[in-house]
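Listed below, chain by chain, are the residues.
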Amino acid sequence: MAESNVMVLGTWASPFVLRVKIALHLKSVNYENHEENLPESKSDLLLKSNPVYKKVPVLIHGHNPICESLIIVEYIDEVWTTSASSILPSDAYERAQSRFWAAYVEDKFFPALRRLLIGATEEDKKAALAEVVEGTVVLEGAFGELSKGKAFFGGDNIGFVDIALGSLLGWIEVIGKQCETKLVSEAKTPRLVQWADCFSAHEAVKDVLPEVDKLADFGLKLRAKILKALAPTN
Amino acid sequence: MGDEDVVLLDFWPSPFGMRVRIALAEKEIKYEYKEEDLRNKSDLLLKMNPIHKKIPVLIHNGKPVCESLIQVQYIDDIWPHKSPLLPTDPYQRAIAKFWGDFVDKKIYDLGRKVWTTKGEEQEAAKKEFIECLKLLEGELGNKAYFGGENLGYVDVVLVPFYSWFYAYEKCGNFSIETECPKLIAWAKRCMEKDSVSKSLPDQDKIYDFVLHLKKVFGIE
């Protein structure tokens with residue numbers, strides 16, 4: 001049944017927004033996409049819906065705004081339960097494990113990836129690269145543990161950790177190309193390489209992924225902007 | 001219910017550990033408390049939390065759960081009938097998780113800046129710290145607790161920092177109560193509950209601990 005009261009405030013390049021869209025697609029929920037023109041301007045709706053952070057994504061369901069991508073994904077999983085698969089496991093311990101690894105992606109892996117994108121000096125980039133590669137190896141281990149031999153972190157179906165990490169794949173590819181390295185390598189992380197292909201090809205994912213070329217272009221501009229803002233003024 | 005084997009690896013001044021103590025107390029779960037020496041981490045801690053090597057670690061029937069917000073949600077999931085901490089409505093749950101996440105993102109780091117820095121940096125930290133507490137006061141509104149009539153998830157996540165307030169005030173030379181009287185009233189209300197008062201160390205002890213840390217790290 002088509003939902004006419006679901007809106008996503010987002011930007012096309014944001015991996016966090018992508019998480020929300022993937023979750024909605026998984027649940028076959030129709031939504032209205034509202035593209036924000038960040039950072040140049042923030043719509044009144046965004047400022048009203050997320051007064052604390054003024055960031056995307058925001059999910060607006062009826063009159064209710066929900067903020068923070070992983071919280072939004074959990075909300076989507078709890079509201080739309082008629083779908084065949086759930087995003088979070090039903091077992092409490094497995095749920096805690098999924099949340100742990102999603103938090104790892106959020107709190108450890110993503111910041112290292114970001115530092116690699118905006119690294120100003122060769123030294124910064126080298127340090128960030130080492131952290132990112134170490135992160136992929138840790139996640140390869142996590143995949144072994146959680147997937148139990150199946151295609152996704154969530155097992156047979158895309159789950160919470162798949163969404164948390166999979167949403168970063170476009171940026172991982174772009175940043176890797178920038179550094180002339182494959183960040184998710186066959187040598188160190190063969191299972192993740194396979195998983196990345198499965199994830200990107202999934203029904204609920206393939207049509208929402210941003211184009212890598214567009215992302216690469218955006219990445220260069222973003223890096224330049226950030227470095228300019230951080231540079232000491234003469 | 002049969003005998004549950006619950007162990008908590010913790011460190012007495014940790015506000016993250018306090019969250020888990022409160023949650024377990026609210027649920028009336030008996031557990032073994034193990035104090036960790038963070039300069040000499042036990043084999044058990046390193047085995048149970050190899051990724052972060054941090055406390056608190058909740059070990060339930062031999063299986064580890066790490067990260068305090070995740071632990072509190074896990075405790076609520078496993079023992080849902082006594083003192084439910086998260087609401088049942090998905091939107092209310094999302095709001096509670098949002099504010100729990102806000103506390104996690106802001107309060108610890110800002111508080112730390114207040115007691116470790118001086119001058120302009122400290123003033124900026126104090127200002128932002130108070131702004132965050134005021135936002136939380138706004139969310140509390142006229143409710144007795146963030147959870148409504150009973151202690152809820154956000155209460156459990158935030159109240160441990162109350163034990164650090166005296167230390168922040170002394171180091172930062174300011175009064176949190178003057179700026180945020182409603183929040184202090186809320187904290188005192190929480191402290192009337194055994195589950196909270198027995199889980200939080202004395203404010204003086206935390207201040208002594210902070211003074212000790214300042215000496216060790218050579219912070220003025």
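Residues numbered from 1 in each chain as written. Chains lettered and ligands numbered in written order. Predicted model: local features only at pLDDT ≥ 70, side-chain atom pairs only at ≥ 80, totals over all residues. Heavy atoms only, no water.

Undergrad: Lay out the interface of chain A and chain B in plain terms, naming residues and giving numbers.
TA: The interface is formed by 24 residues belonging to chain A together with 24 residues belonging to chain B. When chain A packs against chain B, close to 2,200 Å² is buried across both sides, 68% of that on carbon and sulfur atoms. Looking at the side of chain A facing chain B, the largest losses of area belong to Tyr53, Tyr93 and Phe100 of chain A, adding up to 28% of the total buried there. Summed over the shared surface of chain A and chain B, the result is six salt bridges. Measuring nitrogen to oxygen at the nearest pair gives 2.9 Å for the salt bridge that ties Glu68 of chain A to Lys105 of chain B. The tally of links from chain A across to chain B stands at seven residue pairs in polar contact (both at pLDDT 80 or more). Only strand E4 (64–67), helix H3 (69–79) and helix H4 (92–118) of chain A provide two or more residues apiece to the side of chain A that touches chain B. For the side of chain A that touches chain B, a count of residues per class yields 16 nonpolar, two polar and six charged. (Contact = heavy atoms within 4.5 Å. Buried area = accessible area lost by both parts, 1.4 Å probe. Salt bridge = Lys/Arg side-chain N within 4 Å of Asp/Glu carboxyl O. Polar contact = N/O pair within 3.5 Å; in protein donor to acceptor, adjacent residues only side chain to side chain. Helix = DSSP H or I, 4+ residues; strand = E, 2+ residues; numbered from the N terminus. Nonpolar A, V, L, I, M, F, W, Y, C, P; charged D, E, K, R; others polar.)

Undergrad: Would you mind going over the UniProt feature "domain: GST N-terminal" (unreviewed entry) in chain B in detail, with residue names and values included?
TA: UniProt marks residues 4–83 of chain B with the feature "domain: GST N-terminal" (unreviewed entry), using the numbering shown here. Summarising residues 4–83 of chain B: 36% helix, 21% strand, and an end-to-end C-alpha distance of 18 Å. (UniProt positions renumbered as here; feature names shortened; annotations may be inferred.)

Undergrad: How would you sum up the UniProt feature "domain: GST C-terminal" (unreviewed entry) in chain B? Please name residues and give values.
TA: UniProt marks residues 89–217 of chain B with the feature "domain: GST C-terminal" (unreviewed entry), using the numbering shown here. Measuring from the first to the last C-alpha atom of residues 89–217 of chain B gives 46 Å, for a span that is 77% helix and 0% strand.

Undergrad: Explain H3 of chain A to me, and be specific about the residues and the numbers.
TA: Most of H3 of chain A sits out of view: nine of its 11 residues are buried. Burial in H3 of chain A covers these residues: Ser69, Leu70, Ile71, Ile72, Val73, Glu74, Tyr75, Ile76 and Asp77 of chain A. (Buried < 20%, exposed > 50% of the residue type's maximum accessible area, 1.4 Å probe, protein only.)

Undergrad: A description of the packing of helix H5 (residues 119–140) of chain B against helix H9 (residues 181–191) of chain B should follow, citing residues and the corresponding values.
TA: Residue and element names in this part refer to chain B. Closest axis-to-axis distance for the H5/H9 pair is 9 Å, and the angle between their directions is 65 degrees. Accordingly, the angle class assigned to the pair H5 and H9 is roughly perpendicular. Two packed elements cross with a definite hand, and for H5 against H9 that hand is left-handed. In contact with Leu133, Leu136, Glu137 and Leu140 of H5, H9 contributes Pro181, Lys182, Leu183 and Trp186. Here the contact of H5 with H9 is built from residues that sort into six nonpolar, no polar and two charged. (Axes fitted to C-alpha atoms, helices over the stretch in contact; angles between N-to-C directions. Parallel < 35°, antiparallel > 145°, perpendicular 65-115°, else oblique. Left-handed = near helix turned anticlockwise from the far one by under 90°.)

Undergrad: I'd love a proper account of the nonpolar core, names of residues and values included.
TA: A general feature of soluble globular proteins is that nonpolar side chains tend to end up buried together. Counting 154 residues, the largest nonpolar core has Leu59 and Trp195 of chain A together with Phe129, Leu136 and Trp186 of chain B as the members making the most contacts within it. Non-local contacts of Trp195 of chain A, meaning those with residues more than four positions away in its chain, are made with Phe143, Ala151, Phe152, Phe153, Asp162, Leu165, Gly166 and Leu169 of chain A. (Core = buried A, V, L, I, M, F, W, Y, C linked by side-chain atoms within 4.5 Å.)

Undergrad: Which residues make up the sheet that holds strand E2 (residues 32–35) of chain B, and what values do they have?
TA: Residue and element names in this part refer to chain B. Ordered by their spatial adjacency, four strands build an open sheet running E2-E1-E3-E4, and the pairing between neighbours is mixed. Every interior strand has two partners, whereas the edge strands, E2 and strand E4 (63–66), have only one. Looking at each pair of strands side by side, their axes are set apart by 20 degrees on average, direction ignored. Here strand E1 (residues 6–10) pairs with E2 via four bridges, running parallel. Bridged to Asp10 within E2 is Glu35. Helix H1 (residues 15–26) contacts E1, E2 and strand E3 (57–60) of the sheet and is inclined by roughly 155 degrees relative to E1. (Pairing = 2+ DSSP bridges.)

Undergrad: Which residues make up the pairing of E3 of chain B, and what are the values?
TA: Residue and element names in this part refer to chain B. Of the two faces of E3, both are covered, the one formed by Val57 and Ile59 as well as the one formed by Leu58 and His60. Inspection of the sheet shows E1 paired to E3 by four bridges, in the antiparallel sense. By the bridge assignment, Leu9 is partnered in E3 with Val57. Two elements, E3 and E4, share four bridges in a ladder whose sense is antiparallel. Bridged to Leu58 within E4 is Val65. In this antiparallel pair of consecutive strands, E3 and E4, the connection spans two residues, and Asn61 shows a positive phi of 50 degrees.

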